[in-house]
Amino acid sequence: RTLDSWLFLFLDLCVPVGLTGTKLGCAEGGCGACTVMLSKYQPTSSPLGEWVSGPLCSLHHCAVTTVEGIGSVAGKLHPVQERMPKSHGSQCGFCTPGIVMSSMLCSGTTLHPAMAGHRGGDSKVNFGVKLVGVATVSVCKTVITNAACSSLHPADFLPLDPTQEIIFPPELMVDTLTHQHTRGVNTNTYLTPSLSVYLFHYLSVHHSLCIEMKFKNLLYPVILAPGYIPELNTIQHTDEGIVFGASCSLTLLGDVLKAAVGKLPPYQTEVFNAVLEQLRWFAGLQIRNVAAIGGNIMTASPISDLNPVFMASGCKLTLMSKGGERVVVMDEKFFPGYRKTILTPEEVLLCVLIPYTKKGQYFAAYKQSPRREDDISIVTSGMSVTFAEGSTIVKHLALSYGGMAATTVMAKNTASRLLGKQWGEELLQDACSSLAEEMTLHPSAPGGMVTYRRTLTLSLFYKFYLTVQQKLGAYIEGVRADYISATEIYHQTSPSSVQIFQAVPDGQKEEDVVGRPMMHLSALKQATGEAVYCDDIPLYENELYLCLITSTKAHATIQSIDTAEAESMPGVVTCVFAKDVPGSNMTGPIVYDETVLADATVTCVGHIIGAVVADTQAHAQRAAKAVRITYQELQPVIITIQDAITHQSFFQPVRTIQRGDLDQGFTQADHILEGEMHMGGQEHFYLETNVTVAVPKGEDGEMELFVSTQSATKTQSLVAKALGVPASRVVIRVKRMGGGFGGKESRSTTLSTMVAVAAQKPVRCMLDRDEDMLVTGGRHPFYGRYKVGFMKSGKVVALEVTYYSNAGNSMDLSLSIMERALFHMENSYSIATIRGRGYVCKTHLPSNTAFRGFGGPQGMLIAESWMSDVALSLGLPAEQVRRLNMYIQGERTPYSQILDHITLDRCWDQCLEISSFTQRRCHDVLCVFRDHRWTKRGLSVVPTKFGISFTAAFLNQAGALAHIYTDGSVLLTHGGTEMGQGLNTKMVQVASRTLGIPSSKIHITETSTNTVPNTSPTAASASSDLNGAAVHNACEILLHRLEPYKTKNPKGCWEDWVSTCQSYTVLFLIGWTPDLGYDFETNTGRPFNYFSYGVACSEVEIDCLTGSHKNIHTSIVIDVGNSLNPALDIGQVEGGFMQGVGLYTLEELKYSPEGYLFTRGPGMYKIPAFGDIPTDLTVSLLRDAPNDKAIFSSKAIGEPPLFLAASVFFAIKDAIIAARKESGLSGPFRLDSPATPERIRNACEDRFTKLCPPAEPGTFTPWAVVV
Ligand SMILES: Cc1cc2nc3c(=O)[nH]c(=O)nc-3n(C[C@H](O)[C@H](O)[C@H](O)COP(=O)(O)OP(=O)(O)OC[C@H]3O[C@@H](n4cnc5c(N)ncnc54)[C@H](O)[C@@H]3O)c2cc1C
Ligand code: FES
């Protein structure tokens, strides 16, 4: 319809032709969901096409292969599409096509050997693990049942059929490219084989420009594709080095340098190796395939990974204009300012010479980023030293840093100060004090982490110093043995994992699938892209698109709204504001304390004020940006928990749970210790963002909505309220979600009600990733203060803890979340006298909400913090103190619930055994790494006890509807929603066993409010328990009805009975958990139906100089009762654990002091990547642990495993303790969550941190605040 968004392959190629497999997860090259193969003939290099992917404009003369092009369920699956689901590697499936295509990208057309017969990809990707970087999918899985050890064998899969090889389209091999000019609405695009044409226009595009056009709303009138210009793509080997045309891709750069390193003497290739090292951690393969060396230089990013290398090595750049060529050395003058180069507007970068190194010259490059894989740098550097011949006297030194200023900079003063000095300790000291002076940053510097960044400049130099010293071993005394590890280059080891579960009992019928590792029912469709998600629903005729208008102020009154410009823009149909809401503008999941659309006042950045409705997404989005709003800012602006405490800004009530006389408890204690901890929030990062399609039915106010939500009923009631119609007129339909994690329990309703209000015709809105992150809120940040009384043995006798959560601008589910934090304040420990109090802080942030664990992970992390403090202050092993305090059978929780059938001790003992805990402690941690000064190993074992039930008692119910058709097929519907957790698969298993028919006869199509009404949200880990009970009830009653027909025809089969049954087939029944409910006033009642238990042991390794860490090992033993489906349950354990790893070690939401969220996409917000999975991971489901309180003796699984990732956090803390010992520090210290490289490095105090002290708080305004 328009060429406006021509740059986006996804929007402009896939959507119009109905190819739904390619998904848009982020639109910034950071998630991989949009990966496709692009085949392009390059006559100048290889005769075969290269595999590239991602959003590209230069599709001319290319073949594009999407996931639909490699296989289908009805036709034939490609082996990658078959292996991933059969190995249980697909859960919500939204990203599965992206992973399939990424795997193809890595392996070419043939299968990666590691995938043949083993599990490819990873089930956790849908639970927070990133897709890009799936470079070597070599996850080897061993599955152990109680019968034997069995692996997935190649024979389990179809053999590779040669006809499935994707051939390079021969028609592309005709070199017919001529000048192409595409005229767009706002942009003219040129593909040209001629550099002279290029010189007249000067602008290029790959993905960077796409991103700028999207996120910065920039328009470029002229765009050229330099990838087609031969002069910009040549490679020459000269006497000085290798010359790369500016448009050579980074992949090509890497390939050529690797070949040179293989051929040339090592002394010549020091710079080449440094470039290769930087490329190893540079973006994902998809990006490296399309990003060009010249693009990276010319972007002039202050955190470019290559520019410091090019600068320190003195690369030469050839610039060209109509007037001719000139050659410049890339030195400190090349970048005169932020995002500026010395090129004149008439010039282009023609090529880059990367020089050989000479004898006596040493070179290294370093990159430090929040996450190891595919992340942008915090600080990056290139370092070169040349010694006077036959000596270690410095003749030339170049130190270049990125991330320390608005441009890549060189430490000129330090370099000149060290000239003529001997490479030794004295030089090191001089270098460090000089760098500390020269590489300064203002405490308010953009990007924050000021102390850390300054320390890194010293730490990285120290690594360089040691590396060179090591290489100089022949000349001077080598590196001290205990310092060697600081010079090691990080290499990733292929991960392996083991899953252990109990086989079904001997004699269980073959067709009884309960307890068997049955594949997720939608997995094959997910791998081929055929699974239908909300936004895959075909466009309705005259369908419109909606884009939100949101507040840019945290607390203000709206003075005026001017829509004149927006309304005059092409395609715009209407703008919608609070006055247009036909029913009630007040909304909220429990209390109606929010507006559908802001009315007069805004209370957070991202507050939804209105929307633009237009014919296309591009038109709606562009017009929304043209709406002008003026504000009158209000005070106070409360952003952080500390602000809320200062202003006493709390939602009511303040909750307390108390048992025993606290004063008496503390009097008994041998020691009393006080401490505090902050734990950051978390973005849900479901791969499918919030989406709603609203279709008015044209009579009686009826409306049908297709929504990605965990709460069909809540959506129905809030939409009806906003429309001013009875709930019976509104139908909500949910087929499946691309992940939810709690984020679509209540916050999804803000979008659905908005879209419904605007829907005079069918209206659709799927939020872009940045919008979703901005408006929907996430996990609550928590701050805890504690006072703990304990005996010399480590036994805790008294605890007083106060929690503060950052709820944001509305109540949402925050009170229940605080209650669950309090219910988990003692984690798994028995404490005689205890008081927990919880304050829910009201701030000017978007409302925070449910997130897997629902306050439990916050409450328990703070518990483990005081437990770790107790052990540290007594000098006892933490595991000893934890074990001593652990609950035993029959004890009571602080809220007086008796713990029967407790399996904590069994989980603990088995976990220690399978993790070889004692050997690890003695060998790795105490022996080997004690002798490493700059790398330390840490080990920790952490238990969890998680209460299962909605704490709001009335929610503990579910419904099911079963139809048996006369052909014997069964259509099942229940109240839960499928978001990847495999609920539908488990419900089919339950129905199959109950009805005694094969699971293939049972089908679930969707969840809808007109089939099963008044349902609870799919949340609290309780959906299998509740819906399973309802399905079981429904099926049993149907069986009862069939009984007479069975009796009449005992030799008949299922089809015979159902075809003759007259009173058949429809039934609705409720599943329900009785006797639940707790009263905070009297501390009486029973909040939970039962508890899930688990224990994890993790080992990590930290780099004390950079703060990076590696997850070496994790063993998990978890009690899931008699598992309904061990494959799905293990998937939940692994996924939940990895999401917890993100929460506790990686993911950081960064807000400005004014409440503006900086982290709005995968570029800045890092969730775990494949490389963050522990190299060695074992998950064992506790055997012989039936649970008499849930369906078929199973237990809930969704939330309990998440907290087990705290074992990684405390293993990191254990390693830091060892590092601090080297500096003579002992005793408790504060480590907030997440344990990011910044926090780890700052806690490992040493001579370098001392040279970079933090600025005095209160003397500056920080770039970002801890909320
Ligand atoms: C997901 C993602 C991850 C990333 N990760 C990293 C990372 O880890 N490390 C890192 O350093 N960077 C990273 N980047 C940035 C990336 O390196 C740059 O975006 C990329 O190198 C730009 O190359 P390009 O060919 O796409 O440039 P383009 O987008 O084509 O161009 C960038 C700019 O350079 C100009 N230009 C291009 N070629 C020439 C020429 N020959 N002469 C004059 N001007 C020219 C263009 O006009 C434009 O202004 C990442 C980017 C993304 C999207
Ligand atoms: S949508 Fe393309 S990488 Fe995320």
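Starting from 1, residues in each chain are numbered consecutively following that chain's sequence as written. All chains are assigned letters beginning at A, and all ligands numbers beginning at 1, according to the order in which they are written. In keeping with the predicted nature of the model, local features appear solely for residues at pLDDT of at least 70, side-chain atom pairs appear and are counted solely at 80 or more, and the whole-chain, interface and lining totals rest on all residues. Side-chain measures were taken over the full set of non-hydrogen atoms in the model, leaving aside hydrogen atoms and water.

- Named according to an unreviewed UniProt entry, the chain is Xanthine dehydrogenase originating from Oncorhynchus kisutch.
- UniProt positions are given in the numbering used here, feature names are shortened, and annotations may be inferred rather than shown by experiment. Listed under Sequence similarities (unreviewed entry) in UniProt, the entry text for the chain is "Belongs to the xanthine dehydrogenase family."
- We quote the UniProt Subcellular location (unreviewed entry) comment for the chain here in full: "Peroxisome".

**With respect to the overall build of the chain**
Then step 1. A run of H or I in DSSP counts as a helix once it spans at least four residues, and a run of E counts as a strand once it spans at least two, with each numbered from the N terminus. Looking only at helices and strands, one finds 33 helices and 45 strands in the chain.
Then step 2. Think of it in three bands: with a 1.4 Å probe and only protein chains considered, a residue is buried below 20% of the maximum accessible area for its type, exposed above 50%, and partly exposed in between. A buried classification covers 64% of the 1267 residues belonging to the chain.
Then step 3. Partitioning the contacts of the chain with sequence separation of at least 6, the portion at a separation of at least 24 is 78%.
Then step 4. A 1.4 Å probe and the Shrake-Rupley method give the accessible areas. Residues count as covered only by the protein chains that appear here. In the structure as shown, the chain presents an accessible area of about 44,200 Å², 54% of it carried by carbon and sulfur atoms. Contacts: residue pairs with any heavy atoms within 4.5 Å of one another.

**Examining the pattern of salt bridges**
Then step 1. Whenever Lys or Arg places a side-chain nitrogen within 4 Å of a carboxyl oxygen from Asp or Glu, that contact is recorded as a salt bridge. Inspection of every chain in the model, using the stated rule, returns 53 salt bridges.
Then step 2. Between Glu-277 and Arg-280 there is a salt bridge whose closest N-O contact spans 3.0 Å. Here the residue Glu-277 and the residue Arg-280 both occupy positions in helix H7 (residues 270-280), the gap between them amounting to 3 residues, near one helical turn.
Then step 3. Taking relative accessible area as the criterion, Glu-277 reaches 17% and is therefore assigned buried.
Then step 4. When its relative accessible area of 31% is taken as the criterion, Arg-280 is described as partly exposed.
Then step 5. Note that Lys-421 and Asp-430 form a salt bridge whose closest N and O atoms lie 2.4 Å from each other.
Then step 6. Assessed through its relative accessible area of 25%, Lys-421 is described here as partly exposed.

**Some details on the environment of Pro-636**
Then step 1. Its location among the elements puts Pro-636 in the loop between strand E25 (628-633) and helix H17 (641-647).
Then step 2. According to the relative accessible area criterion, Pro-636 is partly exposed, its value standing at 30%.
Then step 3. Spatially, the C-alpha atom of Pro-636 lies 7.8 Å from that of His-555, the residues being 81 residues apart in sequence.
Then step 4. Apart from residues no more than four positions distant in its own chain, Pro-636 is found in contact with His-555, His-647 and His-844.

**Some words on the packing of helix H23 (residues 856-874) against helix H31 (residues 1206-1222)**
To describe two helices that pack against each other, one gives the angle between their axes and the distance between the axes.
Then step 1. Contact geometry of H23 with H31 gives a least axis separation of 11 Å together with a crossing angle of 30 degrees. Put simply, H23 runs roughly parallel to H31. Classified by chirality, the crossing of H31 by H23 is right-handed. Facing H23, whose interface residues are Leu-861, Glu-864, Ser-865, Ser-868, Asp-869 and Leu-872, H31 presents Ala-1206, Phe-1209, Phe-1210, Lys-1213 and Ile-1217.
Then step 2. Throughout, the ten residues Ala, Val, Leu, Ile, Met, Phe, Trp, Tyr, Cys and Pro are labelled nonpolar, Asp, Glu, Lys and Arg are labelled charged, and all others, Gly among them, are labelled polar. Residues of the contact of H23 with H31, tallied by class, amount to 6 nonpolar, 2 polar and 3 charged. In this analysis an axis means a line fitted to C-alpha atoms, helices contributing only their contacting stretch, and an angle means the value between N-to-C directions, from 0 to 180 degrees. An angle below 35 degrees is treated as roughly parallel, one above 145 as roughly antiparallel, one from 65 to 115 as roughly perpendicular, and anything else as oblique. Handedness of a helix crossing follows the sense of rotation of the near helix relative to the far helix, less than a right angle counterclockwise being left-handed and clockwise being right-handed.

**So, the sheet that holds strand E33 (residues 796-808)**
Then step 1. Strands pair, by our definition, only if DSSP identifies at least two bridges between them. In spatial order, the strands read E26-E34-E33-E32-E27; together these 5 strands make up an open sheet with mixed pairing. Every other strand in the sheet has two partners, leaving strand E26 (650-659) and strand E27 (671-679) as the edge strands with one partner each. On average, adjacent strands in this sheet sit at an angle of 10 degrees to one another, irrespective of strand direction.
Then step 2. Two elements, E33 and strand E34 (residues 833-842), share 10 bridges in a ladder whose sense is parallel. Paired with Glu-800 across the bridge in E34 is Arg-835.

**A short note on the side chain of Asp-1246**
Then step 1. By secondary structure assignment, the location of Asp-1246 is in the loop between helix H32 (1237-1243) and helix H33 (1247-1250).
Then step 2. Taking the relative accessible area as the measure of exposure, Asp-1246 reaches 3% and is therefore buried.
Then step 3. What qualifies as a polar contact is a pair of N or O atoms within 3.5 Å, subject to a donor-acceptor requirement within protein and to the restriction that residues adjacent in sequence count only when both atoms come from side chains. Looking at Asp-1246, its side chain comes within polar contact range of the side chain of Arg-1241, at 3.0 Å.
Then step 4. Beyond its immediate chain neighbours, meaning those up to four positions away, Asp-1246 contacts Arg-933, Trp-934, Ser-1223 and Arg-1241.

**Examining the packing of helix H30 (residues 1126-1145) against H31**
Then step 1. The interhelical angle for the contact between H30 and H31, taken along N-to-C directions, is 40 degrees, at an axis separation of 8 Å. Judged by the inter-axis angle, H30 sits oblique to H31. Between H30 and H31, the residues in contact are Phe-1137, Val-1141, Tyr-1144 and Thr-1145 and Ala-1206, Ser-1207, Val-1208, Phe-1209 and Ile-1212, respectively.
Then step 2. Residue composition of the contact of H30 with H31, by class: 7 nonpolar, 2 polar and no charged.

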